[in-house]
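Residues per chain are reported as follows:
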Amino acid sequence: MESAPQSRVEAPELLPFATMTQEKPTLRQVFEAEESPLLRFAHGMVGRRECAEDLVQEAFLRLHAHWDEVANPKAWLYRSVRNLALNFLRDHKRETLVDQPSEWDAAADHRDPIGRLEAAGAVRLLLAELRDDDRALLQLKYHDDLKYDQISAKTGLSVGNVGYKLHHLLKSLGESLRRMGIESAEG
């Protein structure tokens, strides 16, 4: 029995929500994609470009040594850089640069600059560990500043589902931050 040919209707471009089937990238691809963001992340935590470069280099060397064991290289790198930065800050407490003005001095009160950096680092780490489709939703809402109906059109999700997912993502991120001991933007 032959079936009638089906007409193809062009669907709007949807975000890739089936990313679980993607192959693991090569170390070179991970390096090219993540080196600059990791440098900014490390610099935000330690405040010194040279130290940030050393931390990122060390993280990539460690990733290379454990490449076969690592399922999510991006999340692994962010966690590694965070841990290396926290170790550096703990080991070099007395070497903090007080003479150099912080990039954020004009913007905020700084009762605990290390707490602020740790909070920002924790948020970046948690975002890196999210599934790609969840991270894409957050980016569409908070980076691209789209409304729910615009996100719905881009993703193919219903407007209600967009709101539901965003609500639960934010709630989960907040709970994760609290479990890490971070209660506010100041740490």
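Preceding block: the structure.
Enquirer: If you had to explain helix α1 (residues 27–46) to someone new, which residues and values would you point to?
Expert: Its axis deflected by about 50° at E34, α1 carries its strongest bend there, up to four residues before the proline P37. Within α1, burial applies to V30, E34, L38, L39, F41, A42, G44, M45 and V46. Phi for G47, located one or two positions after α1, is positive at around 75°.

Enquirer: Let's hear about the side chain of R82: which residues, and what values?
Expert: Topologically, R82 is positioned in helix α3 (residues 73–91). The residues contacting R82, other than those within four sequence positions of it, are F41, M45, E118, L125 and M180.

Enquirer: Could you give an account of the nonpolar core, with specific residues and numbers?
Expert: Counting 26 residues, the largest nonpolar core has L38, V46, V56, F60, L63, L77 and V81 as its most contacted members. Elements with a minimum of two residues in this core: α1, α2 (49–65), α3 and α4 (113–129). When residues of this core are assigned to their parent elements, the largest contribution, 8 residues, is made by α3. Not counting the four nearest positions on each side in its chain, F60 is found in contact with L27, V30, F31, E35, L38 and L77. Within the second largest apolar cluster, 16 residues are counted, among which are L138, L146, L157 and L169.

Enquirer: Can you explain the environment of L89? Please cite residues and give values.
Expert: Locating L89 in the fold gives a position in helix α3. Counting along the chain gives 43 residues from L89 to V46, while the straight-line C-alpha distance between them is 6.8 Å.

What counts, and where the lines are drawn
- Residues numbered from 1 in each chain as written.
- Predicted model: local features only at pLDDT ≥ 70, side-chain atom pairs only at ≥ 80, totals over all residues.
- Heavy atoms only, no water.
- Bend = angle between axes of the 7 residues up to and from the residue.
- Helix = DSSP H or I, 4+ residues; strand = E, 2+ residues; numbered from the N terminus.
- Buried < 20%, exposed > 50% of the residue type's maximum accessible area, 1.4 Å probe, protein only.
- Contact = heavy atoms within 4.5 Å.
- Core = buried A, V, L, I, M, F, W, Y, C linked by side-chain atoms within 4.5 Å.

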